[in-house]
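Chain by chain, the residues run as shown.
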Amino acid sequence: MKRPTLEAVAARAGVSRATVSRVVNGQATVGPEIRDVVLRAVRELGYVPNSAARSLVTQRTDSIALVVSEPTTRVFSDDPMFSTVIRSASVELEAADKQVVLMLSGSAQSHARVERYIASGHVDGVMLISMHGADPLPAAITRMGVPAVSYGRPAVPVALPYVDNDNVGGAEKAVKHLLERGRRRIATIAGPQDMIGGQDRLTGYRTALRDSDKRSIVAVGDFTRESGAIAMRQLLEDDPQLDAVFIANDLMAIGAMQALRHAGRSVPGDVAIVGFDDIEAARYTDPPLTTVRHPIIEQAAAMVKLLLSLLERDETVADPVILSTELVVRESA
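Please read all numbers here as calculations on a predicted model, not as lab measurements.

This part takes up the sheet that holds strand β4 (residues 148-151). Sheets are built from strands paired through backbone hydrogen bonds, the pairs being either parallel or antiparallel. Reading across from one edge, β2-β1-β3-β4-β5-β11 is the order of the six strands in this open sheet, with parallel pairing throughout. Looking at which strands have only one partner, the edges of the open sheet turn out to be β2 (99-104) and β11 (321-323). Strand-to-strand, the axes of this sheet are offset by a mean angle of 20 degrees, without reference to chain direction. As judged from the three bridges shared by strand β5 (residues 162-165) and β11, these two strands associate in the parallel manner. Its bridge partner lying in β11, V163 is registered against V321. Strands β1 (63-68), β2 and β3 (125-129) of the sheet are contacted by helix α7 (residues 108-119), whose axis makes an angle of about 155 degrees with β2.

Here it is, written out as structure tokens:
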């Protein structure tokens, strides 16, 4: 069967081709009665708009780039943050009838490729995930004037709207909980310091200790399980008497707990542990992990909502959205 055309829909509805085009492309210049007649003809004939032709009229592709600034090995690792954000954002975008274009940008070559793709007009907007301090994309996209939203506050000073959680406040809650439990030598395994999440959670740790007589004891990881284990062994060498550790994400906390077990230290008897994120695995560690709940799904949904509002208003600037965190107390602290 031949594909129904605009002309066929116009003939069935008894209107002009231009009127059908305006209805199909969502223009508000057609009265409700005529619109209903046209839409009924569209349904009866099974007409499907030509996306290329529609883009020429609307200047929209209905596609959104979801750019993850990490190498493939990191995105498709055991870190559930990436899959959760990608899945949640995709569900929200599909509900808004938008096509998701997943792009990985973990190298200089991929940065250039992503930048060319966006500059060529293939997408209406961009969502940026897991940006590091040296990432050139935020500034490049800002210069292009393409609506974009960052998952987390950008590490570089650009006018890019973002959605983040209260990393500083969440870390403070974690450390204050350890202080209230009577812990006296509280260390931290911080996240990478070229990422705002890593910086802010370290700031929260230091802020909570500032008014006490406790000194900071810091090691740095990269948000992976292995780096948590390595950092925990380093902390034990630096201060064998430490009795608590706030760890900047749950994967590193899981690695740290394994390192403590291998060192003959019990959790929480010898060392209390608090993580950050509240991933599903936190409930199944031995013992279950006390952690700060980072609302990953809600943050991804808020990022999509903010981007869609920018597209609707044809703007690129918006106030940031900050979501609250919650301490989830389990047996590790």
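Don't stop here, the text continues.
Our focus in this paragraph is the pattern of salt bridges. According to the stated counting rule, one finds 13 salt bridges in the structure shown. Across the pair D62 and K98 runs a salt bridge, and its minimum N-O distance is 3.2 Å. Remark: K98 occurs in the loop between α6 (80-95) and β2 and D62 occurs in the loop between α4 (51-58) and β1; sequence separation between them is 36 residues. The partly exposed category is assigned to D62, whose relative accessible area is 25%. For K98, a relative accessible area of 16% corresponds to the buried category. The closest approach of N and O atoms between R74 and D79, which form a salt bridge, is 3.3 Å. Each member of the pair, R74 together with D79, is buried. Here the salt bridges do not stand alone but share partners, grouping R185, R215 and D239 into one network.

With respect to the helices and strands, the residue G106 is situated in the loop between β2 and α7. Once the C-alpha coordinates of G106 and A28 are considered, the two residues, 78 residues apart in sequence, prove to be 42 Å apart. Not counting chain neighbours up to four residues away, the residues in contact with G106 comprise S69, E70 and P71.

With that settled, consider the sheet that holds strand β7 (residues 218-220). Pairing in this open sheet of six strands is mixed, and the strands run β7-β6-β8-β9-β10-β12 from one edge to the other. Either end of the sheet is taken by a strand with one partner, and the two such strands are β7 and β12 (326-328). Mean inter-strand twist for the sheet, computed between neighbouring axes without regard to direction, equals 20 degrees. Here strand β6 (residues 186-190) runs beside strand β8 (residues 244-247); their pairing, made up of four bridges, is parallel.

A few words now on the side chain of D250. Along the chain, D250 turns up in helix α12 (residues 250-262). With no salt bridge to any partner, buried D250 finds its closest opposite charge in R330, at an N-O distance of 6.2 Å. A polar atom in the side chain of D250 sits 2.7 Å from the side chain of T291. Residues contacting D250, with those up to four places away along its chain left out, are G275, F276, D277, D278, I279, A282, L289 and T291.

With six of its six residues buried, strand β9 (residues 272-277) lies for the most part within the structure. Direction of pairing for β8 relative to β9: parallel, over a ladder of three bridges. Along β9, the bridge assignment pairs A244 with A272. Crossover connection from β8 via α12 to parallel β9: handedness right-handed. Looking at chain direction, β9 and strand β10 (residues 290-293) are connected through four bridges and run parallel. Of the residues in β10, the one forming a bridge with F276 is V292.

Attention shifts here to the nonpolar core. Looking at soluble globular proteins, one finds that nonpolar side chains tend to be buried together. Counting 43 residues, the largest nonpolar core has I189, M232, L235, V245, F246 and I273 as the members making the most contacts within it. With six residues, the single largest contributor to this core is α12. I129, Y151, V163 and L307 belong to the second largest nonpolar core, which has 27 residues in total.

Reading the values: rules and limits
- Residues numbered from 1 in each chain as written.
- Predicted model: local features only at pLDDT ≥ 70, side-chain atom pairs only at ≥ 80, totals over all residues.
- Heavy atoms only, no water.
- Pairing = 2+ DSSP bridges.
- Helix = DSSP H or I, 4+ residues; strand = E, 2+ residues; numbered from the N terminus.
- Axes fitted to C-alpha atoms, helices over the stretch in contact; angles between N-to-C directions.
- Contact = heavy atoms within 4.5 Å.
- Salt bridge = Lys/Arg side-chain N within 4 Å of Asp/Glu carboxyl O.
- Buried < 20%, exposed > 50% of the residue type's maximum accessible area, 1.4 Å probe, protein only.
- Lys, Arg positive; Asp, Glu negative; His and termini not counted.
- Polar contact = N/O pair within 3.5 Å; in protein donor to acceptor, adjacent residues only side chain to side chain.
- Right-handed = clockwise from strand over helix to strand, strands pointing away.
- Core = buried A, V, L, I, M, F, W, Y, C linked by side-chain atoms within 4.5 Å.

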